[in-house]
Amino acid sequence: MTLCVLLNYSTMTKTMKMRLVPFGEYPPDWNMAADEFLFREFMEGRGLPSLRFYGFKPVSVTLGYHQKRVPGIFKKFPAVRRPTGGRAVLHNGDLVYSVVGDHTAGYFAGSIFETYRKIATFIVDALREHGFNARLSQGSTAGHTELCFDSTTRYEITLEGRKIVGAAQVRRKNAFLEQGSIQFFELDRRVLADAIRNEFSKAGIEFVLQPFSEEEIKRIEELTSLYPVIEPSG
């Protein structure tokens, strides 16, 4: 049913173009700066909406924008605060994604939860194409801890009752940035990334493959000062 709805949408609207930034592994401050760069470029009218896949090297922790400290269990890893909300995530071999787009018009328009649902549906469908019965969560009644994967919120993704995808958003002007971690290790990350991209394409989204240029890398490096690394302790 979901696929039919998406296909019908694509036949009724113009093709939407998105920039696709291919998978790579980077330090935590660089990853946050790269997403900030894509977000700003779109918000200021200089860039396309974007889909980026990445990993962390070294193993790192990201904190929600409003989190005040690194949870004790994660203090032995370098950490950085995300521009998005949510709770602490350990990045150790997970597939991380960011999506930048317009929340006032076009495919991703709607409330935060509506945008969550649209992106999460692509991930669920990609996993199901590979035989994994992933599901959209309606949220947990359990209290939240400092750790993202201790409980679910609405439209996060579970598999066999276990949360495998956590996501958070920030919105500025007409633009949104969603960052998500897919803690699923039974598929190669590049295979899963390609499957997710394919689900976006089924919705009528056309991708422009565009790695970061040398000039963009310089600008991203300038933005890393916004995301200072909290060094490991203990």
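Up top you'll find the structure we're talking about.
The rules behind each value
- Residues numbered from 1 in each chain as written.
- Predicted model: local features only at pLDDT ≥ 70, side-chain atom pairs only at ≥ 80, totals over all residues.
- Heavy atoms only, no water.
- Helix = DSSP H or I, 4+ residues; strand = E, 2+ residues; numbered from the N terminus.
- Expected span 1.5 Å × (residues − 1).
- Buried < 20%, exposed > 50% of the residue type's maximum accessible area, 1.4 Å probe, protein only.
- Core = buried A, V, L, I, M, F, W, Y, C linked by side-chain atoms within 4.5 Å.
- Contact = heavy atoms within 4.5 Å.
- Pairing = 2+ DSSP bridges.
- Axes fitted to C-alpha atoms, helices over the stretch in contact; angles between N-to-C directions.
- Salt bridge = Lys/Arg side-chain N within 4 Å of Asp/Glu carboxyl O.
- Parallel < 35°, antiparallel > 145°, perpendicular 65-115°, else oblique.
- Left-handed = near helix turned anticlockwise from the far one by under 90°.
- Nonpolar A, V, L, I, M, F, W, Y, C, P; charged D, E, K, R; others polar.

Our next topic: helix 2 (residues 28-43). Here helix 2 spans 23 Å end to end across 16 residues, near enough to the 22 Å set by a 1.5 Å rise per residue. When you tally the buried positions in helix 2, you get 14 out of 16 residues, the bulk of the element. Gly45 occupies a position one or two residues after helix 2 and carries a positive phi of about 80°.

What follows is about the nonpolar core. Counting residues in each nonpolar core, the largest one holds 36 residues, and the members touching the most others are Phe108 and Phe200. The biggest single contributor to this core is helix 3 (residues 112-129), with seven residues. When neighbours within four sequence positions are excluded, Phe200 is seen to be in contact with Met18, Leu51, Val99, Phe108, Phe122, Ile205 and Phe207.

What follows is about the sheet that holds strand 5 (residues 79-81). As summarised here, the arrangement of the three strands in space is 5-4-6, forming an open sheet in which the pairing is mixed. Among the strands making up the open sheet, the edge pair consists of strand 5 and strand 6 (89-91). Ignoring which end each strand starts from, the neighbouring axes of this sheet average 25° apart. Where strand 4 (residues 60-63) and strand 5 come together, three bridges link them in parallel fashion. Across the sheet, Thr62 pairs through a bridge with Val80, a residue of strand 5. Of the strands in this sheet, strand 4 and strand 5 touch helix 2, which is tilted by about 20° from strand 5.

Take the pattern of salt bridges next. Counted according to the given criterion, the structure contains eleven salt bridges. Where Glu36 meets Arg172, a salt bridge forms, and the shortest distance between an N and an O atom there is 2.9 Å. Of this pair, Glu36 sits in helix 2 while Arg172 sits in strand 10 (residues 162-172), placing them 136 residues apart in sequence. Residue classification places Glu36 among the buried positions, given a relative accessible area of 2%. Measuring nitrogen to oxygen at the nearest pair gives 2.9 Å for the salt bridge that ties Arg46 to Glu41. Under the relative-accessibility criterion, Arg46 is labelled partly exposed at 48%. Bridged by salt links that share partners, the residues Glu41, Glu44, Arg46 and Arg219 form one connected network.

The next thing to look at is the pairing of strand 10. Sheet topology note: the strand 9 (residues 157-159)/strand 10 ladder contains three bridges and is antiparallel. Paired with Ile157 across the strands is Val165, a residue of strand 10. Taking the residues that link successive antiparallel strands as the turn, the strand 9-strand 10 hairpin has two residues, and the phi of Glu160 there is positive, at about 55°. In this sheet, strand 11 (residues 175-182) lies alongside strand 10 in antiparallel orientation, the contact comprising eight bridges. Note on strand 11: the bridge partner recorded for Ala168 is Gln179. Between the end of strand 10 and the start of strand 11, which pair antiparallel, lie two residues, with Lys173 showing a positive phi angle near 50°.

A few words now on the environment of Arg87. Along the chain, the position of Arg87 falls in the loop between strand 5 and strand 6. Given a relative accessible area of 13%, Arg87 falls into the buried group. Measuring from C-alpha to C-alpha, the distance between Arg87 and His66 comes to 8.6 Å, with 21 residues separating the pair along the chain.

What follows covers the packing of helix 3 against helix 4 (residues 189-202). Each pair of packed helices can be summarised by the angle the axes make with each other and by the distance between the axes. Between helix 3 and helix 4, whose axes approach to 8 Å, the crossing angle comes to 120°. With respect to helix 4, the axis of helix 3 lies oblique. Two packed elements cross with a definite hand, and for helix 3 against helix 4 that hand is right-handed. Taking contact as the criterion, the partners of Phe122, Ile123, Asp125, Ala126, Leu127 and Glu129 in helix 3 are, on helix 4, Leu192, Ala195, Ile196, Glu199, Phe200 and Lys202. Class assignment of the residues belonging to the contact of helix 3 with helix 4 gives a composition of eight nonpolar, no polar and four charged.

Such coordinate-based values are descriptive only and should not be taken to indicate function.
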